[in-house]
Amino acid sequence: MASMLPIVYWADPVHSAAVFTPVIAFLLAVQYNSLISVLAYSALLLLVLVGVCNVYVYTMVVLLKKLPDEPSSDPLYKVYGADLTIPAEDVVKISNCTTDIVNSGLTELKRLFFCENIIDTVKFGISLYCLTYIGSWFNLLTVIILAWTGLFTLPKVYINNQAAIDDAVISVKNVIDGLKAKISALVPVTTAENKKEE
């Protein structure tokens, strides 16, 4: 995760653009075309680019002799040596992490649906109700596009306006904390321990 921070903060604009642009182009393409078409055209484009690079190297090295006959003359020589295999240890780590996330998520959903804490259940219900409005305005792909764009823009906006944003967040947090305290005073909190005692 720490390796993603310089990318989303645009420390190296070329590297950040190299990560941001293909994903946003893919998401926008899938928004308007079928996934199969997008994958086929993307693979075809990649095939054409590799073919153009091979023709360029052949022309510059063999025919015109403007470049030396060595691997570094090929613009894609760094890509040829890339290891595309996935180590089995990484798959095990990812599956263990995914299992932990799914299990904790299911436990939390069980807690929310069975009203172990009435305040959390009400907040969850309000969140679901708000999601119905978001769902009526956008489809999931639009939300993913907005999230991807926000991932690359919001950190930079925060860095540029950190003092003003921090002040606004603190004032909003104080208002929310005050509201939570008032609601908690009005509504009795029911926990799983209280249910067992009854």
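Shown above is the structure to which this text applies.
One structure accompanies this document, and this report is about it. Just so it is clear, the structure is predicted and the values come from calculations on it, not from any experiment.

Conventions used here
Residues numbered from 1 in each chain as written. Predicted model: local features only at pLDDT ≥ 70, side-chain atom pairs only at ≥ 80, totals over all residues. Heavy atoms only, no water. Helix = DSSP H or I, 4+ residues; strand = E, 2+ residues; numbered from the N terminus. Buried < 20%, exposed > 50% of the residue type's maximum accessible area, 1.4 Å probe, protein only. Contact = heavy atoms within 4.5 Å. Areas by Shrake-Rupley, 256 points an atom, 1.4 Å probe, with all protein chains shown as cover. Lys, Arg positive; Asp, Glu negative; His and termini not counted. Charge placed at Lys NZ, Arg CZ, Asp CG, Glu CD. Phe/Tyr/Trp six-rings, centres within 6.5 Å; stacked < 30°, edge-to-face > 60°. Core = buried A, V, L, I, M, F, W, Y, C linked by side-chain atoms within 4.5 Å. Expected span 1.5 Å × (residues − 1). Polar contact = N/O pair within 3.5 Å; in protein donor to acceptor, adjacent residues only side chain to side chain. Axes fitted to C-alpha atoms, helices over the stretch in contact; angles between N-to-C directions. Parallel < 35°, antiparallel > 145°, perpendicular 65-115°, else oblique. Left-handed = near helix turned anticlockwise from the far one by under 90°.

Turning our attention to the overall build of the protein. Within the protein, the regular secondary structure consists of 9 helices and 0 strands. Counting only C-alpha atoms, the protein reaches 85 × 40 × 35 Å along its principal axes. The burial tally for the protein puts 13% of its 198 residues in the buried class. Taking all contacts inside the protein whose residues are at least 6 apart in sequence as the whole, residues at least 24 apart take part in 50%. With an accessible surface of roughly 15,400 Å², the protein has 71% of that area assigned to carbon and sulfur atoms. Once the 13 positive and 17 negative side-chain charges of the protein are each reduced to a mean point, those two points are 5 Å apart.

Following the sequence through the fold, Thr121 ends up in helix 6 (residues 118–137). In contact with Thr121, not counting residues within four places along its chain, are Arg111, Leu112, Cys115 and Glu116.

Before going further, it helps to spend a moment on the packing of aromatic side chains. A complete count under the given rule lists 7 aromatic pairs for this structure. The interplanar angle of 75° and the centroid separation of 5.9 Å between the aromatic rings of Trp10 and Phe152 together place this pair among those described as edge-to-face. Here the residue Trp10 occupies a position in the loop between helix 1 (5–8) and helix 2 (13–32), and Phe152 occupies one in helix 7 (residues 140–160), the gap between them amounting to 142 residues. Judged by relative accessible area, Phe152 falls into the buried class, the value being 2%. Between Trp148 and Phe152 the ring centres are 5.0 Å apart and the planes differ by 55°, which places this aromatic pair in the tilted class.

Let us now look at the environment of Val79. Tracing the backbone shows Val79 in helix 4 (residues 77–80). When the C-alpha positions of Val79 and Cys130 are compared, they lie 45 Å apart, and in sequence the two are 51 residues distant.

Before going further, it helps to spend a moment on the nonpolar core. Among the nonpolar cores identified, the biggest contains 9 residues, and these are Ile7, Val8, Phe20, Ile24, Leu27, Leu141, Ile145, Trp148 and Phe152. Listing elements by their share of this core, those giving two or more residues are helix 1, helix 2 and helix 7. Sort the elements by how many residues they give to this core and helix 7 lands first, with 4 residues. Those residues in contact with Phe20, other than ones at most four positions away along the chain, are Trp10, Trp148, Thr149 and Phe152.

An α-helix turns once every 3.6 residues. As a result, residues three or four positions apart point the same way. Between its terminal C-alpha atoms helix 6 stretches 29 Å, which fits the 28 Å expected from 20 residues at 1.5 Å a residue. Where helix 6 is concerned, the buried positions are Ile119, Asp120, Thr121 and Phe124. On the buried face of helix 6, the contacting elements are helix 5 (88–113) and helix 8 (162–186). Two to three positions downstream of the cap, the backbone nitrogen of Ile119 sits 3.1 Å from a side-chain oxygen, assigning the N-cap of helix 6 to Asn117.

With that settled, the discussion passes to unusual backbone geometry. Peptide bonds are mostly trans, and most non-glycine residues show a negative phi. Positive phi, normally seen in glycine, also occurs at Trp10, with a value near 55°. Its identity as a non-glycine residue notwithstanding, Cys115 has a phi of 55°, on the positive side. Within the fold, Cys115 resides in the loop between helix 5 and helix 6.

The geometry of helix 2 relative to helix 3 (residues 35–63) is characterised by a closest axis approach of 8 Å and an angle of 135° between their N-to-C directions. Comparing the axis directions of helix 2 and helix 3 gives the class oblique. Viewed along their axes, helix 2 and helix 3 form a crossing whose handedness is right-handed. Note on element contacts: helix 3 touches helix 2 through Leu35, Val38 and Leu39, opposite Phe26, Ala29 and Val30.

Worth remembering: the numbers are spatial, not functional.
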